[in-house]
Amino acid sequence: MAEDSAPLTEPLTKGSTMREMLLWHDRKYGHEETVRLAEGLAPEALAMINPTQPALGILSSSWYPVSVTNPMLTRVQERCGNEGRDFAIEANREVVPRMIKGIYRVMFQAAATPELYGKHVGRLWRRLHTTGTRSMVIRAPGEAVSVLEDWPAHHPVSCWLTIYTMAFVFEAMGYKTWTVERRACVGHGAARCETILRYER
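In what follows, the accompanying structure is described. (Residues numbered from 1 in each chain as written. Predicted model: local features only at pLDDT ≥ 70, side-chain atom pairs only at ≥ 80, totals over all residues. Heavy atoms only, no water.)

Focus: helix 4 (residues 66-80)
Right, on to step 1. Look at helix 4: 20 Å from first C-alpha to last across 15 residues, which is about the 21 Å you get at 1.5 Å a residue.
Right, on to step 2. Listed in full, the buried residues belonging to helix 4 are Val66, Val68, Thr69, Asn70, Met72, Leu73 and Val76.
Right, on to step 3. Structurally, helix 4 contributes buried residues whose contacts are with helix 1 (15-29), helix 3 (43-46), strand 2 (63-65), helix 5 (85-100) and helix 8 (156-172).
Right, on to step 4. Of the residues flanking the end of helix 4, it is Gly81, one or two places downstream, whose phi is positive at about 70°. (Helix = DSSP H or I, 4+ residues; strand = E, 2+ residues; numbered from the N terminus. Expected span 1.5 Å × (residues − 1). Buried < 20%, exposed > 50% of the residue type's maximum accessible area, 1.4 Å probe, protein only. Contact = heavy atoms within 4.5 Å.)

So, in structure tokens, the structure goes:
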């Protein structure tokens, strides 16, 4: 299992974000399918998880390197296609409401309006990732621009997961109608990832 504080030898992600997604995956597809996500992990990465446990033994308080997370995301991408976009929508539709009523309740309360979310999103990001710079501005009423850059841990699936996490957080704020438009992505050669979120009640 990962230690609570790991050396910054490679980009790290907080286990809480992974655990909730994997628990949803357990419920949706069954634990055997979740275990298959870990097939092909390097021995060092495999030693950080426990396939016999729910969510592969990922602990919310621990940090995990991209050598654990990104190969599993690649398995999702291979299985689901479309860079895992549909997977990201379906997963976040259930996971985001659970998280903001649970372990991230205080964080959500601190950023429960579009303006507060834009103000605090960079700080909130740094509580979950050791790399990447996240920002968001309200460009016009009902329109926000989200930017993510300097993120060496980027993966196509995690990019869509980030986008739809934002969208479903806004839905939890009461903006039930929304659309996302990804304008740029480092996975397609851009210098940064940029998404426009349009939202209304």
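Some points on the sheet that holds strand 5 (residues 177-184)
Right, on to step 1. The sheet built from 4 strands is open, its strands ordered 3-4-6-5 with antiparallel pairing. Each edge of the open sheet is held by one strand with a lone partner, namely strand 3 (133-140) and strand 5. Here the average twist between neighbouring strands, direction ignored, is 20°.
Right, on to step 2. Examined bridge by bridge, strand 5 and strand 6 (residues 193-200) share 7 bridges and lie antiparallel to one another. Looking across to strand 6, one finds that Trp178 is bridged to Tyr199.
Right, on to step 3. Sheet contacts for helix 8: strand 3, strand 4 (143-149), strand 5 and strand 6; angle to strand 5, the most-contacted strand, approximately 150°. (Pairing = 2+ DSSP bridges. Axes fitted to C-alpha atoms, helices over the stretch in contact; angles between N-to-C directions.)

Description of the state of the cysteines
Right, on to step 1. Across all of its chains, the model carries 0 disulfides by this definition.
Right, on to step 2. Free cysteine Cys80: the closest other cysteine sulfur is in Cys159, separated by 16 Å.
Right, on to step 3. The cysteine Cys159 is free of any disulfide, with Cys193 supplying the nearest cysteine sulfur at 3.8 Å.
Right, on to step 4. For Cys159, a relative accessible area of 3% puts it in the buried group. (Disulfide = S-S within 2.5 Å.)

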